[in-house]
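# Architecture and fold: a report
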Amino acid sequence: MLSEFNDKDPKVDIILPNYNKGEFIEETVNSILVQSYKNWNLFIIDDNSQDNSKKIINSFKNNNINIVCLSKNKGVAFCRNLGIRLSNSKYISFIDSDDYWSQNKLEVKILFMEKF
């Protein structure tokens, strides 16, 4: 396993579309923050949520988190595609705003992809 952060490790951009998932978004983001693989950027694309999602999202203070808040609801496909356009990393990973990752998810995925 990749035990330490290394600047030579491939960067992963994580795209997280969100719409009115304030109930889950904090746990979702926290599952990314504790990843064993550290060379990532998170793009949270808020699709004009009307619940407390924006407040929760904006409470995270991490240089690897990029927040985009849309002024009009555009749908999950638009949010994912916007995240792809914003990405400049070797790999992209998607997570939904009500999902939770195990601590080594990115590490396992990167090791697999780098083998081939």
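Residues numbered from 1 in each chain as written. Predicted model: local features only at pLDDT ≥ 70, side-chain atom pairs only at ≥ 80, totals over all residues. Heavy atoms only, no water.

Bringing the packing of aromatic side chains into the picture now. The way to describe two aromatic rings as a pair is by their centre distance and the angle between their planes. The full count for this structure, using the stated rule, is zero aromatic pairs. A cation sits over an aromatic face here: Lys74 above Phe78, 5.2 Å from the ring centre. It is Arg85 that lies over the ring of Phe78; its NZ or CZ is 5.8 Å from the centre. (Phe/Tyr/Trp six-rings, centres within 6.5 Å; stacked < 30°, edge-to-face > 60°. Lys NZ or Arg CZ within 6 Å of the ring centre and 35° of its normal.)

This brings us to helix α3 (residues 76–86). Turning to α3, its buried residues are Cys79, Leu82 and Gly83. Seen end-on, α3 carries its buried residues on one side only, within an arc spanning 100°. Against the buried residues of α3 lie β1 (12–18), β2 (40–46) and β3 (65–69). (Buried < 20%, exposed > 50% of the residue type's maximum accessible area, 1.4 Å probe, protein only. Helix = DSSP H or I, 4+ residues; strand = E, 2+ residues; numbered from the N terminus. Arc of directions from axis to C-beta. Contact = heavy atoms within 4.5 Å.)

Right, let's get into the environment of Leu111. Turning to its location among the elements, Leu111 is positioned in helix α4 (residues 105–115). Accessibility expressed as a relative area gives 27% for Leu111, which makes it partly exposed. For Leu111 and Asn63, which are 48 residues apart along the polypeptide, the C-alpha to C-alpha distance reads 24 Å.

Right, let's get into the pattern of salt bridges. The tally for this structure, following the rule as stated, stands at two salt bridges. For the salt bridge of Asp96 with Arg80, the shortest nitrogen-to-oxygen distance reads 2.6 Å. In this pair, Asp96 sits in the loop between β4 (91–94) and α4 while Arg80 sits in helix α3, placing the two residues 16 residues apart along the sequence. As a salt-bridge pair, Lys90 and Glu114 come within 2.9 Å of each other at their nearest N and O atoms. Note that Lys90 is positioned in the loop between α3 and β4 and Glu114 in helix α4, a separation of 24 residues in sequence. A relative accessible area of 38% places Glu114 in the partly exposed class. (Salt bridge = Lys/Arg side-chain N within 4 Å of Asp/Glu carboxyl O.)

Take the nonpolar core next. Nonpolar side chains in soluble globular proteins tend to be buried together. Val12, Ile14, Leu16, Val29, Ile32 and Leu42 are the most contacted members of the largest nonpolar core, which totals 19 residues. Excluding residues that lie within four positions of it along the chain, Ile32 makes contacts with Ile14, Leu16, Trp40, Leu42, Ile95 and Trp101. (Core = buried A, V, L, I, M, F, W, Y, C linked by side-chain atoms within 4.5 Å.)

Read from one edge of the open sheet, four strands run β3-β2-β1-β4, paired in parallel fashion. Each edge of the open sheet carries a strand with a single partner, namely β3 and β4. Across the sheet, the mean angle separating the axes of adjacent strands is 20° when strand polarity is ignored. Relative to β4, β1 runs parallel, the two sharing four bridges. By the bridge assignment, Val12 is partnered in β4 with Tyr91. Running over the sheet, helix α1 (residues 25–33) touches β1, β2 and β3 and is turned about 175° from β1. Together, β1, β2, β3 and β4 form the strand contacts of α3, whose direction differs from that of β1 by roughly 155°. (Pairing = 2+ DSSP bridges. Axes fitted to C-alpha atoms, helices over the stretch in contact; angles between N-to-C directions.)

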